[in-house]
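# Geometric and topological summary
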Amino acid sequence: MYGQTCRLALSALLHDLGKITQRARVYDRHERFDASKTLYCPYQDKGQYHSHIHAACTALSLDELEESLPDILKGDTSPFASRTAPGEDITDCLANAAAMHHRPGTFLQWCIAVADRIASGFEREEFDKYNQSRDREDYITAQLRTIFAIVGKEDVQKEDTKTKDDWFYPLRPLSPASIFPINIKKAERSREDAAKEYEQLWRGLLQDLKKIPPSHRRNWPLWLDHFDSLWLTYSHAVPSATAFNIRPDVSLYDHSKTTAALATALWRYHEETGQTTAEAVKEDWESKKFLLIQGDFFGIQDFIFNSETHTDSKIVKLLRGRSFFVSLLCECAALNVLDSLDLPPTSQIINAAGKFLIVAPNTTRTKNVLNTLQAEFDQWFLDHTLGLAGIGLATCSASPRDFTEKKFDSLKKSLFDALEKAKFQRFSLCAADAPAPLRQAEYPIGPCAYDSRLPAQEVEDGQKVSRLAQDQIRIGELLAKEKYSRLLIFNSSDKIWDSPGKLKTEIFGYTIVLTRNEDETGKFGRLAESGVLRRAFDISLPDPASGNVWDGYSRRNINAYVPLHKNDPTQDDRYDDLDKAEQGEIKTFEHLSRDDQNMDENGKISGISGLGVLKGDIDNLGRMFQENTNNFAKWASLSRQVNNFFALYLPWLCQKEPAFQNIYTVFAGGDDFYMIGPWYSLQRFAARMRDDFHRYVAENPYIHFSAGYGIYKAGTPLRLLTAGAEEQLEKAKKNKENREKDAFSIFDQTVPWQDWPRIRETTETVAELADTYNFSTAYLYDLIEFTHMAETINDHPENARWRSLFQYRTRRMVSNKEQSLNDLAQKIGDRIDETGGRYRIALFNHVYRNRK
């Protein structure tokens, strides 16, 4: 069954492959081009021409891919016909099912054709009109618009009307740079240039397809997971629809992926209910054929940040390992659902920030399997975390009609309600078979040193630790090593080689190994062929120079950036009294807290030792999804694009930019982020992140994030760091100045992001004035007091005298009285009047940076 669903999924995934080769004009002079048009393309009597030429190109393109695919022609090619099976109708082959989506005839072809329609939100009748439409004149030069550009803008229509404010994506393979849209005015191009870009994409796809290890072709789900990443790399910026006056803001990848997931579930539903006729698929749009399965990791904060220690050198590794474990647990839970239901990796539409979404057939078998899996997940978390965290499964049934534009809002609400309900039913505590509310826990060697609620099971380096903490520390250490870039998931622990990266804890029955690439180990191929290897992820960060993300393996952006000692730390006097470290090791929080200190020519150190903590998330995300996604493909596209900024771009930025190479991305994905780093570097990073995010969302003022920031001693417990940053974030979310939220809270001051450049400029001015007039520390503290007085005049009218006190204090300090007084009155006094309490941010920054 697994191979069958994977073949069906691949056929659906590539049904629009020809849109790339058609626009590249690859087959304009091909000897079988006319015959393919006759076979696969609708013929329009009115006008007497073939439309939807991409369907013919899909068939020809699949012929070129075939030599690098798993066998799709001979042997067992079920559910499609095989060339070697006697008596089968070979016209019902995989390639024909993909290419016939505009002229479907058989049951399998109709499964893909109907999925193609509902992924786009079409009504059945509306798609018939679309089938009769003609590509627009500029279908080659038309480029993928960004959904971000229209969010919150009632004056920008969603149909394909060019406006001076519209933005599009460059037609390049996926990379941290190519996910940023470009303003339309900057990139008009000719048909010839556009065709060349498409041809480069096509040739790149053909070449990079060969990088998938040949041995993995005999393991369908493993190979298809790799191919899904390759397809994303080359189709993420290709517009899916260029006809019917549709605004091209859904990528070919997102349309293909949702079509594959829906087609697979549709086929499985009809197979399991015995309704395997074309008419049954084509005509019945009301039956609840789909089951949308949502997975949600609850208790993330407690799982990651609870820790008894704050000075241990392993705390950074533990924190990195725990954050990674959240993603790993979600990957394994989603894989367990897919494996148990014999569904291909393409049935998983979303997997980010502790959440996933899978499209399954709505059958009794599916529901029974999910009940069993939920019980297994609950038991794992009770055994390993005493129920402090967990993964809940929520389901929502849907008919083909529910995916159409008129009903999709209702479907989204049902999904949201189902997930909310699941959050209140953790561990099924109100069910008849609920686990005991009190559990017996044995502590034979005492509590875990890193979480005293859990029993220790091992002693390592003199510390009593739980096996889970031991795995997390180990994996946190290996993630920082460049060579450990492959994450392998096996369905059996037998025959798995001993490796430093092999976890002691099995996750939902899977054995996990973090290891080097296959060229170095030489051990993947045999296990891939046998089916024991279920997934093999490339978790390396994108190449810092090129941004390349494809290396022949399925990519998961779950490996955050961790600062390392790039130079010999023993030669850095700032670290003199810290535990000895070596070049290439992970920097501890103690080291990071000193990285913003300065040293003069006499070896004197200035500046505080402080650790910055930054926490934030996108404002009003739920409303953005609710109001701007009218079909399943667009919903998936928006989710993927929001996640890309945090999970793909931010770690790459930290790795690439020298100014940010000491910023530690504790987690960044979905719509939120949590960073730790040297206190002043992290402030600058926050501002850069805001500027880049503004550009990422097409400079749309209605899409923004809020963030909270704090400075702490390196030894502060993690839960206090988190609580402090969370408190600042809440203050930022309460901002109502200029517009709601969209603010940065720092030093108990909330600053709308659009005002932050003024604060940054003020900080620079304070530094210049302090140097020019040789400010004493006492004078700077007086300025802080004057700022406080100016800020509180409304509550304390007597504080209005701050200006005269400022004049008096400044006159005593400067030598050239009148000129200096005028200068300082303008550059300090007037700025305090303008910025109020926020002037303290500039003063604090200057004092902290120069403290002896």
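Residues numbered from 1 in each chain as written. Predicted model: local features only at pLDDT ≥ 70, side-chain atom pairs only at ≥ 80, totals over all residues. Heavy atoms only, no water.

## Side note on the nonpolar core
Ranked by internal contacts, the top residues of the largest apolar core, which has 245 residues, are Phe508 and Phe589. Among the elements that make up this core, the one with the highest residue count is helix H13 (residues 315–340) (16 residues). Setting aside residues up to four positions removed in sequence, Phe589 forms contacts with Ile315, Val316, Leu319, Leu611, Tyr664, Ile676, Ala714 and Leu718. Membership of the second largest hydrophobic core comes to 13 residues, among which are Trp497, Val513, Val532 and Leu533. (Core = buried A, V, L, I, M, F, W, Y, C linked by side-chain atoms within 4.5 Å. Buried < 20%, exposed > 50% of the residue type's maximum accessible area, 1.4 Å probe, protein only. Helix = DSSP H or I, 4+ residues; strand = E, 2+ residues; numbered from the N terminus. Contact = heavy atoms within 4.5 Å.)

## Regarding the pattern of salt bridges
Summed over the entire model, instances satisfying the criterion amount to 61 salt bridges. With a shortest N-O distance of 3.1 Å, Arg453 and Asp451 are connected by a salt bridge. The class of Asp451 is buried, set by a relative accessible area of 7%. Close ionic contact of Arg758 with Glu834 constitutes a salt bridge, the shortest N to O distance being 2.8 Å. Pair noted here: Arg758 is in helix H24 (residues 756–773) and Glu834 is in helix H27 (residues 817–835), with a separation of 76 residues, a long-range link. Judged by relative accessible area, Arg758 falls into the partly exposed class, the value being 31%. Relative accessible area serves as the criterion here: at 44%, Glu834 is assigned to the partly exposed category. Taken together, the shared-partner salt bridges connect Arg145, Asp166, Arg247, Asp249 and Lys634 into one network. (Salt bridge = Lys/Arg side-chain N within 4 Å of Asp/Glu carboxyl O.)

## Focus on the packing of H24 against H27
At a minimum axis distance of 12 Å, the contact between H24 and H27 shows a crossing angle of 155°. By the angle between their directions, the pair H24 and H27 is classed as roughly antiparallel. The interaxial crossing formed by H24 with H27 has left-handed handedness. The segment H24 lies against H27, with Arg758, Glu761, Thr762, Thr765, Leu769 and Tyr773 engaging Ser820, Asp823, Leu824, Lys827, Ile828, Arg831 and Glu834. (Axes fitted to C-alpha atoms, helices over the stretch in contact; angles between N-to-C directions. Parallel < 35°, antiparallel > 145°, perpendicular 65-115°, else oblique. Left-handed = near helix turned anticlockwise from the far one by under 90°.)

Shape is all these values report; function is a separate question.
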